[in-house]
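# Understanding the architecture of this molecule
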2 protein chains.
Amino acid sequence: MSTQPLEFWFEFASTYSYPAAMRIETLAARAGVAIAWRPFLLGPIFQAQGWNDSPFNLYPAKGRYMWRDLERLCAKHGLPYARPTIFPQRSILAARLALAATDESWLPALVRGIYVANFAEGADIATPETLGRVLAALGQDPQPWLERAQSQSVKDALRGNTDRAQALGLFGAPMFVARGEVFWGGDRLEDALAWQLRGA
Amino acid sequence: MSTQPLEFWFEFASTYSYPAAMRIETLAARAGVAIAWRPFLLGPIFQAQGWNDSPFNLYPAKGRYMWRDLERLCAKHGLPYARPTIFPQRSILAARLALAATDESWLPALVRGIYVANFAEGADIATPETLGRVLAALGQDPQPWLERAQSQSVKDALRGNTDRAQALGLFGAPMFVARGEVFWGGDRLEDALAWQLRGA
(Lines give C-alpha, C1' and ligand atoms only; values in the text may rest on other atoms or scores of the structure.)
Protein backbone atom coordinates (compact mmCIF):
# COMPACT_ATOMS: atom_id res chain seq x y z
CA MET A 1 0.00 0.00 0.00
CA SER A 2 1.13 3.51 -0.82
CA THR A 3 1.46 5.48 2.43
CA GLN A 4 -0.70 8.37 1.22
CA PRO A 5 -4.17 7.73 -0.17
CA LEU A 6 -5.36 8.86 -3.59
CA GLU A 7 -8.01 11.55 -3.04
CA PHE A 8 -11.22 10.94 -4.99
CA TRP A 9 -13.28 14.14 -5.20
CA PHE A 10 -16.82 13.43 -6.32
CA GLU A 11 -20.24 15.07 -6.50
CA PHE A 12 -23.36 12.89 -6.48
CA ALA A 13 -25.04 15.05 -9.12
CA SER A 14 -22.08 14.74 -11.51
CA THR A 15 -22.61 12.45 -14.47
CA TYR A 16 -18.97 11.57 -15.11
CA SER A 17 -18.42 10.89 -11.40
CA TYR A 18 -20.74 7.88 -11.77
CA PRO A 19 -18.47 5.58 -13.85
CA ALA A 20 -15.46 6.77 -11.83
CA ALA A 21 -17.15 5.89 -8.53
CA MET A 22 -18.06 2.46 -9.87
CA ARG A 23 -14.54 1.69 -11.12
CA ILE A 24 -12.21 3.23 -8.54
CA GLU A 25 -12.29 0.66 -5.73
CA THR A 26 -11.33 -2.27 -7.97
CA LEU A 27 -8.63 -0.33 -9.84
CA ALA A 28 -7.12 1.14 -6.67
CA ALA A 29 -7.07 -2.24 -4.91
CA ARG A 30 -5.33 -3.79 -7.92
CA ALA A 31 -2.72 -0.99 -7.78
CA GLY A 32 -2.37 -1.28 -3.99
CA VAL A 33 -3.45 2.33 -3.48
CA ALA A 34 -5.77 3.45 -0.66
CA ILE A 35 -8.60 5.87 -1.47
CA ALA A 36 -9.69 8.93 0.49
CA TRP A 37 -13.34 9.50 -0.47
CA ARG A 38 -14.03 13.24 -0.69
CA PRO A 39 -17.65 14.18 -1.39
CA PHE A 40 -18.10 17.87 -2.18
CA LEU A 41 -20.60 20.21 -3.81
CA LEU A 42 -20.04 21.67 -7.27
CA GLY A 43 -22.81 24.27 -6.92
CA PRO A 44 -20.74 26.88 -5.03
CA ILE A 45 -17.78 26.28 -7.37
CA PHE A 46 -19.92 26.72 -10.49
CA GLN A 47 -21.46 29.85 -8.97
CA ALA A 48 -17.97 31.32 -8.46
CA GLN A 49 -17.44 30.80 -12.22
CA GLY A 50 -20.68 32.63 -12.97
CA TRP A 51 -22.80 29.53 -13.66
CA ASN A 52 -26.17 29.05 -11.97
CA ASP A 53 -26.71 25.60 -13.50
CA SER A 54 -24.68 22.66 -14.81
CA PRO A 55 -22.58 23.64 -17.85
CA PHE A 56 -24.24 20.67 -19.57
CA ASN A 57 -27.55 22.53 -19.28
CA LEU A 58 -26.03 25.95 -20.04
CA TYR A 59 -24.25 24.70 -23.19
CA PRO A 60 -26.71 22.42 -25.02
CA ALA A 61 -24.24 21.05 -27.61
CA LYS A 62 -21.94 19.97 -24.78
CA GLY A 63 -24.89 18.51 -22.88
CA ARG A 64 -26.16 16.49 -25.84
CA TYR A 65 -22.67 15.08 -26.35
CA MET A 66 -22.21 14.26 -22.65
CA TRP A 67 -25.40 12.18 -22.40
CA ARG A 68 -24.45 10.09 -25.42
CA ASP A 69 -20.86 9.78 -24.19
CA LEU A 70 -22.01 8.70 -20.71
CA GLU A 71 -24.24 6.04 -22.26
CA ARG A 72 -21.29 4.71 -24.31
CA LEU A 73 -18.97 4.78 -21.28
CA CYS A 74 -21.43 2.82 -19.16
CA ALA A 75 -21.78 0.24 -21.93
CA LYS A 76 -17.99 0.01 -22.22
CA HIS A 77 -17.57 -0.61 -18.49
CA GLY A 78 -20.64 -2.84 -18.14
CA LEU A 79 -22.50 -0.39 -15.87
CA PRO A 80 -26.28 -0.05 -15.69
CA TYR A 81 -27.54 3.24 -17.12
CA ALA A 82 -30.81 5.10 -17.58
CA ARG A 83 -30.79 8.82 -18.24
CA PRO A 84 -32.20 10.56 -15.14
CA THR A 85 -35.26 12.74 -15.62
CA ILE A 86 -33.95 15.29 -13.08
CA PHE A 87 -30.51 16.81 -13.84
CA PRO A 88 -28.66 17.95 -11.90
CA GLN A 89 -30.12 16.36 -8.78
CA ARG A 90 -29.98 18.02 -5.38
CA SER A 91 -27.07 16.14 -3.84
CA ILE A 92 -26.48 17.84 -0.48
CA LEU A 93 -28.14 15.20 1.71
CA ALA A 94 -26.37 12.37 -0.16
CA ALA A 95 -23.00 14.12 0.25
CA ARG A 96 -23.65 14.63 3.97
CA LEU A 97 -24.61 10.98 4.35
CA ALA A 98 -21.36 9.87 2.68
CA LEU A 99 -19.42 12.11 5.07
CA ALA A 100 -21.32 10.72 8.06
CA ALA A 101 -20.26 7.22 6.93
CA THR A 102 -16.61 8.16 6.26
CA ASP A 103 -15.20 5.57 8.68
CA GLU A 104 -17.54 2.74 7.74
CA SER A 105 -16.37 -0.27 5.74
CA TRP A 106 -19.52 -0.01 3.61
CA LEU A 107 -18.83 3.61 2.50
CA PRO A 108 -17.75 2.61 -1.06
CA ALA A 109 -20.88 0.46 -1.45
CA LEU A 110 -23.02 3.36 -0.18
CA VAL A 111 -21.46 5.73 -2.72
CA ARG A 112 -22.03 3.26 -5.55
CA GLY A 113 -25.60 2.62 -4.41
CA ILE A 114 -26.42 6.34 -4.49
CA TYR A 115 -24.91 6.74 -7.97
CA VAL A 116 -26.83 3.74 -9.30
CA ALA A 117 -30.05 5.21 -7.82
CA ASN A 118 -29.35 8.47 -9.70
CA PHE A 119 -28.01 7.22 -13.03
CA ALA A 120 -29.60 3.81 -13.48
CA GLU A 121 -32.76 3.61 -11.37
CA GLY A 122 -34.40 6.97 -12.04
CA ALA A 123 -34.61 7.70 -8.29
CA ASP A 124 -34.52 11.14 -6.69
CA ILE A 125 -31.44 11.08 -4.47
CA ALA A 126 -32.52 14.29 -2.72
CA THR A 127 -35.08 12.33 -0.69
CA PRO A 128 -34.54 10.46 2.60
CA GLU A 129 -36.63 7.64 1.05
CA THR A 130 -34.11 6.93 -1.72
CA LEU A 131 -31.11 7.22 0.61
CA GLY A 132 -32.85 5.09 3.22
CA ARG A 133 -33.47 2.40 0.63
CA VAL A 134 -29.76 2.38 -0.31
CA LEU A 135 -28.79 2.14 3.39
CA ALA A 136 -31.25 -0.68 4.00
CA ALA A 137 -29.84 -2.62 1.04
CA LEU A 138 -26.48 -2.49 2.82
CA GLY A 139 -28.03 -3.86 6.00
CA GLN A 140 -27.91 -0.50 7.77
CA ASP A 141 -30.70 1.04 9.81
CA PRO A 142 -31.58 4.18 7.79
CA GLN A 143 -32.92 6.47 10.51
CA PRO A 144 -29.83 6.96 12.71
CA TRP A 145 -27.61 7.46 9.64
CA LEU A 146 -29.94 10.03 8.11
CA GLU A 147 -29.96 11.83 11.47
CA ARG A 148 -26.16 11.80 11.68
CA ALA A 149 -26.06 13.16 8.11
CA GLN A 150 -27.96 16.23 9.33
CA SER A 151 -25.73 16.87 12.37
CA GLN A 152 -23.86 20.15 12.61
CA SER A 153 -20.44 18.47 12.53
CA VAL A 154 -21.26 16.71 9.25
CA LYS A 155 -22.70 19.90 7.74
CA ASP A 156 -19.48 21.68 8.70
CA ALA A 157 -17.38 18.87 7.26
CA LEU A 158 -19.13 19.14 3.88
CA ARG A 159 -18.66 22.91 3.85
CA GLY A 160 -15.00 22.29 4.71
CA ASN A 161 -14.59 19.81 1.84
CA THR A 162 -16.15 22.22 -0.64
CA ASP A 163 -13.92 25.06 0.59
CA ARG A 164 -10.87 22.83 0.31
CA ALA A 165 -11.88 21.78 -3.21
CA GLN A 166 -12.01 25.44 -4.19
CA ALA A 167 -8.63 26.10 -2.55
CA LEU A 168 -7.15 23.15 -4.49
CA GLY A 169 -8.37 24.72 -7.74
CA LEU A 170 -10.94 21.99 -8.42
CA PHE A 171 -13.52 23.16 -10.97
CA GLY A 172 -15.42 20.00 -11.92
CA ALA A 173 -15.92 16.36 -10.97
CA PRO A 174 -14.65 13.79 -10.68
CA MET A 175 -11.18 14.99 -9.76
CA PHE A 176 -8.31 13.03 -8.26
CA VAL A 177 -5.43 14.37 -6.19
CA ALA A 178 -2.33 12.17 -6.30
CA ARG A 179 0.61 13.46 -4.25
CA GLY A 180 -0.43 17.07 -4.86
CA GLU A 181 -1.10 16.56 -8.58
CA VAL A 182 -4.65 17.21 -9.73
CA PHE A 183 -6.31 15.05 -12.41
CA TRP A 184 -9.71 15.89 -13.89
CA GLY A 185 -12.18 13.40 -15.32
CA GLY A 186 -12.85 9.72 -14.95
CA ASP A 187 -10.64 9.04 -17.98
CA ARG A 188 -7.66 10.19 -15.88
CA LEU A 189 -8.19 7.64 -13.11
CA GLU A 190 -5.50 5.31 -14.42
CA ASP A 191 -3.04 8.22 -14.81
CA ALA A 192 -3.78 9.40 -11.27
CA LEU A 193 -3.14 5.92 -9.87
CA ALA A 194 0.13 5.69 -11.80
CA TRP A 195 1.17 9.08 -10.41
CA GLN A 196 0.36 7.97 -6.87
CA LEU A 197 2.50 4.85 -7.29
CA ARG A 198 5.54 6.84 -8.39
CA GLY A 199 5.82 8.06 -4.82
CA ALA A 200 5.10 4.71 -3.17
CA MET B 1 -8.67 -0.73 -44.18
CA SER B 2 -12.09 0.32 -43.03
CA THR B 3 -14.08 1.67 -45.98
CA GLN B 4 -14.97 4.95 -44.29
CA PRO B 5 -12.26 7.13 -42.77
CA LEU B 6 -12.20 8.31 -39.17
CA GLU B 7 -12.76 12.09 -39.22
CA PHE B 8 -10.20 14.01 -37.17
CA TRP B 9 -11.46 17.53 -36.43
CA PHE B 10 -8.67 19.77 -35.17
CA GLU B 11 -7.89 23.43 -34.56
CA PHE B 12 -4.25 24.59 -34.68
CA ALA B 13 -4.77 26.88 -31.67
CA SER B 14 -6.18 24.04 -29.55
CA THR B 15 -3.84 22.71 -26.88
CA TYR B 16 -5.32 19.23 -26.59
CA SER B 17 -5.36 18.86 -30.37
CA TYR B 18 -1.56 18.83 -30.25
CA PRO B 19 -0.98 15.40 -28.62
CA ALA B 20 -3.89 13.99 -30.66
CA ALA B 21 -2.37 15.21 -33.93
CA MET B 22 0.99 13.71 -32.99
CA ARG B 23 -0.47 10.32 -32.07
CA ILE B 24 -3.27 9.73 -34.57
CA GLU B 25 -1.37 8.61 -37.67
CA THR B 26 0.49 5.80 -35.89
CA LEU B 27 -2.54 4.58 -33.96
CA ALA B 28 -4.84 4.68 -37.00
CA ALA B 29 -2.30 2.84 -39.17
CA ARG B 30 -1.96 0.16 -36.50
CA ALA B 31 -5.76 -0.21 -36.43
CA GLY B 32 -5.98 -0.19 -40.26
CA VAL B 33 -8.21 2.89 -40.24
CA ALA B 34 -7.86 5.76 -42.74
CA ILE B 35 -8.00 9.34 -41.44
CA ALA B 36 -9.88 12.29 -42.93
CA TRP B 37 -8.06 15.40 -41.68
CA ARG B 38 -10.57 18.16 -40.94
CA PRO B 39 -9.07 21.49 -39.90
CA PHE B 40 -11.66 23.97 -38.64
CA LEU B 41 -11.90 27.14 -36.56
CA LEU B 42 -13.17 27.11 -32.98
CA GLY B 43 -13.56 30.91 -32.82
CA PRO B 44 -17.00 31.08 -34.50
CA ILE B 45 -18.17 28.08 -32.46
CA PHE B 46 -17.03 29.64 -29.18
CA GLN B 47 -18.65 32.92 -30.17
CA ALA B 48 -21.97 31.12 -30.73
CA GLN B 49 -21.65 29.90 -27.09
CA GLY B 50 -21.08 33.47 -25.91
CA TRP B 51 -17.30 33.20 -25.48
CA ASN B 52 -14.97 35.78 -27.01
CA ASP B 53 -11.82 33.95 -25.89
CA SER B 54 -10.65 30.42 -25.11
CA PRO B 55 -12.50 28.96 -22.11
CA PHE B 56 -9.03 28.28 -20.68
CA ASN B 57 -8.51 32.04 -20.50
CA LEU B 58 -12.09 32.81 -19.42
CA TYR B 59 -11.99 30.25 -16.57
CA PRO B 60 -8.57 30.59 -14.89
CA ALA B 61 -8.82 27.48 -12.66
CA LYS B 62 -9.55 25.39 -15.75
CA GLY B 63 -6.72 27.08 -17.63
CA ARG B 64 -4.15 26.50 -14.89
CA TYR B 65 -5.13 22.84 -14.78
CA MET B 66 -5.00 22.46 -18.57
CA TRP B 67 -1.42 23.76 -18.89
CA ARG B 68 -0.16 21.37 -16.23
CA ASP B 69 -2.17 18.49 -17.69
CA LEU B 70 -0.84 19.20 -21.20
CA GLU B 71 2.71 19.17 -19.88
CA ARG B 72 2.11 15.80 -18.20
CA LEU B 73 0.43 14.38 -21.33
CA CYS B 74 3.35 15.41 -23.53
CA ALA B 75 5.79 13.79 -21.09
CA LYS B 76 3.67 10.62 -21.07
CA HIS B 77 3.66 10.40 -24.87
CA GLY B 78 7.29 11.54 -25.32
CA LEU B 79 6.31 14.75 -27.14
CA PRO B 80 8.34 17.97 -27.02
CA TYR B 81 6.59 20.76 -25.13
CA ALA B 82 7.16 24.39 -24.21
CA ARG B 83 4.24 26.52 -23.09
CA PRO B 84 3.53 29.08 -25.84
CA THR B 85 3.69 32.76 -24.89
CA ILE B 86 0.71 33.54 -27.16
CA PHE B 87 -2.53 31.67 -26.45
CA PRO B 88 -4.68 31.12 -28.33
CA GLN B 89 -2.73 31.73 -31.53
CA ARG B 90 -4.37 33.04 -34.69
CA SER B 91 -4.74 29.82 -36.64
CA ILE B 92 -6.66 30.79 -39.78
CA LEU B 93 -3.69 30.78 -42.19
CA ALA B 94 -2.41 27.46 -40.83
CA ALA B 95 -5.87 25.90 -41.20
CA ARG B 96 -6.12 27.18 -44.79
CA LEU B 97 -2.67 25.80 -45.55
CA ALA B 98 -3.67 22.36 -44.25
CA LEU B 99 -6.78 22.47 -46.46
CA ALA B 100 -4.71 23.52 -49.49
CA ALA B 101 -2.51 20.44 -48.87
CA THR B 102 -5.44 18.03 -48.32
CA ASP B 103 -4.41 15.69 -51.12
CA GLU B 104 -0.67 15.71 -50.42
CA SER B 105 1.11 12.73 -48.89
CA TRP B 106 2.94 15.11 -46.56
CA LEU B 107 -0.24 16.59 -45.04
CA PRO B 108 0.11 14.68 -41.72
CA ALA B 109 3.75 15.82 -41.40
CA LEU B 110 2.67 19.41 -42.15
CA VAL B 111 0.01 19.27 -39.43
CA ARG B 112 2.49 17.89 -36.91
CA GLY B 113 5.09 20.48 -37.90
CA ILE B 114 2.67 23.34 -37.29
CA TYR B 115 1.64 21.94 -33.90
CA VAL B 116 5.27 21.50 -32.84
CA ALA B 117 5.97 25.10 -33.91
CA ASN B 118 3.10 26.27 -31.68
CA PHE B 119 3.48 24.02 -28.63
CA ALA B 120 7.19 23.19 -28.51
CA GLU B 121 9.12 25.85 -30.42
CA GLY B 122 7.51 29.07 -29.23
CA ALA B 123 6.82 30.14 -32.82
CA ASP B 124 3.95 32.35 -33.99
CA ILE B 125 1.95 30.15 -36.38
CA ALA B 126 -0.03 33.14 -37.65
CA THR B 127 2.95 34.25 -39.74
CA PRO B 128 3.90 33.11 -43.27
CA GLU B 129 7.49 32.88 -41.99
CA THR B 130 6.70 30.12 -39.48
CA LEU B 131 4.50 28.23 -41.93
CA GLY B 132 7.08 28.65 -44.69
CA ARG B 133 9.75 27.19 -42.43
CA VAL B 134 7.55 24.14 -41.72
CA LEU B 135 6.91 23.70 -45.47
CA ALA B 136 10.61 24.03 -46.29
CA ALA B 137 11.48 21.37 -43.68
CA LEU B 138 9.20 19.02 -45.66
CA GLY B 139 11.05 19.83 -48.88
CA GLN B 140 8.18 21.98 -50.20
CA ASP B 141 8.54 25.36 -51.86
CA PRO B 142 6.72 27.68 -49.39
CA GLN B 143 5.56 30.46 -51.72
CA PRO B 144 3.14 28.59 -54.02
CA TRP B 145 1.60 26.74 -51.07
CA LEU B 146 1.08 29.93 -49.07
CA GLU B 147 -0.57 31.45 -52.16
CA ARG B 148 -2.85 28.45 -52.60
CA ALA B 149 -3.75 28.73 -48.90
CA GLN B 150 -5.12 32.22 -49.60
CA SER B 151 -7.16 31.24 -52.66
CA GLN B 152 -10.91 31.75 -52.61
CA SER B 153 -11.66 28.04 -52.95
CA VAL B 154 -9.56 27.22 -49.89
CA LYS B 155 -11.11 30.07 -47.89
CA ASP B 156 -14.54 28.72 -48.80
CA ALA B 157 -13.50 25.18 -47.89
CA LEU B 158 -12.44 26.30 -44.40
CA ARG B 159 -15.69 28.18 -43.91
CA GLY B 160 -17.49 25.03 -45.08
CA ASN B 161 -15.60 22.86 -42.58
CA THR B 162 -16.39 25.22 -39.73
CA ASP B 163 -20.07 25.31 -40.72
CA ARG B 164 -20.15 21.52 -40.90
CA ALA B 165 -18.47 21.25 -37.51
CA GLN B 166 -21.23 23.41 -36.06
CA ALA B 167 -23.90 21.34 -37.81
CA LEU B 168 -22.34 18.17 -36.37
CA GLY B 169 -22.65 19.66 -32.88
CA LEU B 170 -18.88 19.97 -32.38
CA PHE B 171 -18.08 22.38 -29.54
CA GLY B 172 -14.36 21.88 -28.91
CA ALA B 173 -11.23 20.22 -30.26
CA PRO B 174 -10.00 17.71 -30.96
CA MET B 175 -13.11 15.80 -31.93
CA PHE B 176 -13.41 12.55 -33.83
CA VAL B 177 -16.35 11.34 -35.90
CA ALA B 178 -16.49 7.56 -36.26
CA ARG B 179 -19.42 6.25 -38.31
CA GLY B 180 -21.59 9.16 -37.19
CA GLU B 181 -20.56 8.93 -33.53
CA VAL B 182 -18.84 11.97 -32.08
CA PHE B 183 -15.95 11.65 -29.60
CA TRP B 184 -14.46 14.67 -27.81
CA GLY B 185 -10.90 14.93 -26.56
CA GLY B 186 -7.59 13.29 -27.35
CA ASP B 187 -8.21 10.76 -24.59
CA ARG B 188 -11.07 9.37 -26.69
CA LEU B 189 -8.91 8.61 -29.73
CA GLU B 190 -8.62 4.92 -28.89
CA ASP B 191 -12.39 4.67 -28.29
CA ALA B 192 -13.10 6.42 -31.60
CA LEU B 193 -10.83 3.99 -33.47
CA ALA B 194 -12.51 1.03 -31.79
CA TRP B 195 -15.92 2.42 -32.79
CA GLN B 196 -14.78 2.83 -36.38
CA LEU B 197 -13.59 -0.77 -36.51
CA ARG B 198 -16.95 -2.15 -35.35
CA GLY B 199 -18.31 -1.20 -38.75
CA ALA B 200 -15.30 -2.41 -40.76
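Analysis parameters
Residues numbered from 1 in each chain as written. Chains lettered and ligands numbered in written order. Predicted model: local features only at pLDDT ≥ 70, side-chain atom pairs only at ≥ 80, totals over all residues. Heavy atoms only, no water. Buried < 20%, exposed > 50% of the residue type's maximum accessible area, 1.4 Å probe, protein only. Helix = DSSP H or I, 4+ residues; strand = E, 2+ residues; numbered from the N terminus. Pairing = 2+ DSSP bridges. pLDDT = per-residue confidence, 0-100. Salt bridge = Lys/Arg side-chain N within 4 Å of Asp/Glu carboxyl O. Polar contact = N/O pair within 3.5 Å; in protein donor to acceptor, adjacent residues only side chain to side chain. Contact = heavy atoms within 4.5 Å. Least-squares fit on C-alpha atoms with pLDDT ≥ 70 in both. Buried area = accessible area lost by both parts, 1.4 Å probe. Phe/Tyr/Trp six-rings, centres within 6.5 Å; stacked < 30°, edge-to-face > 60°.

A few words now on the pairing of strand β2 (residues 35–39) of chain A. All names here are of chain A. By the criterion of burial, β2 is predominantly enclosed, with four of the five residues buried. Pairing analysis gives five bridges linking strand β1 (residues 6–10) to β2, with the strands arranged parallel. Bridging across to β2, Glu7 finds its partner in Ala36.

What follows concerns the confidence of the model for chain A. The predicted model of chain A has a mean per-residue pLDDT of 95, with 98% of residues at 70 or higher. Across the whole predicted complex the pTM is 0.93, and at the interface the ipTM reaches 0.91.

Counted by the stated rule, this structure contains 26 salt bridges over all chains. Asp156 of chain B is the salt-bridge partner of Arg159 of chain B, the closest N and O atoms lying 3.6 Å from each other. Taken as a pair, Arg159 of chain B and Asp156 of chain B lie in helix α9 (residues 152–167) at a separation of three residues, close to a single helical turn. Classification of Asp156 of chain B by relative accessible area gives partly exposed; the value is 39%. Where salt bridges share partners, they join Arg68, Asp69, Glu71, Arg72 and Asp187 of chain A together with Glu181 and Arg188 of chain B into one cluster.

Before going further, it helps to spend a moment on the environment of Gln143 of chain A. Residues and elements named next belong to chain A. Mapped onto the secondary structure, Gln143 falls in helix α8 (residues 142–149). Taking relative accessible area as the criterion, Gln143 reaches 46% and is therefore assigned partly exposed. Sequence-wise, Gln143 and Gly50 are 93 residues apart; in three dimensions their C-alpha atoms are separated by 37 Å.

Next up on the list: the side chain of Glu181 of chain A. Structurally, Glu181 of chain A can be placed in strand β4 (residues 181–184). Overall, the relative accessible area of 13% leaves Glu181 of chain A in the buried class. A polar contact is formed between the side chain of Glu181 of chain A and the side chain of Arg68 of chain B, at a distance of 2.8 Å. Apart from the residues within four sequence positions on either side, Glu181 of chain A is in contact with Phe176 and Trp195 of chain A together with Arg68 and Arg72 of chain B.

Before going further, it helps to spend a moment on the relation of the copies chain B and chain A. Note on the chain copies: they are related by a rotation about an axis and a translation along it. Turning chain B through 180° and shifting it by 0.0 Å along the axis lays it on chain A, with an RMSD of 0.0 Å. Here the transformation between the copies is reduced to the relation of a two-fold axis. Relative to the rotation axis, the closest C-alpha in chain B is found at Asp187 of chain B, a distance of 3.6 Å. A share of 100% of the interface residues of chain B reappears at the interface of chain A, consistent with the copies meeting face to face through the same patch.

Bringing the interface of chain B and chain A into the picture now. With 22 residues of chain B at the contact, the number on the chain A side is 22 residues. With both sides pooled, the region where chain B packs onto chain A buries about 2,200 Å², and carbon together with sulfur makes up 50% of that total. Contact with chain A buries surface across chain B, with Lys62, Tyr65 and Arg188 of chain B losing the most and accounting together for 26% of the total. As a salt-bridge pair, Arg188 of chain B and Asp69 of chain A come within 2.7 Å of each other at their nearest N and O atoms.

Residue and element names in this part refer to chain B. What the rule picks out here adds up to 40 aromatic pairs over all chains. Taking the centre distance of 5.6 Å and the plane angle of 15° together, the rings of Phe8 and Phe176 count as stacked. Placement of Phe8 in strand β1 (residues 6–10) and of Phe176 in strand β3 (residues 175–178) is noted, with a sequence separation of 168 residues between them. Summarising the burial analysis for this pair, Phe8 and Phe176 share the class buried.

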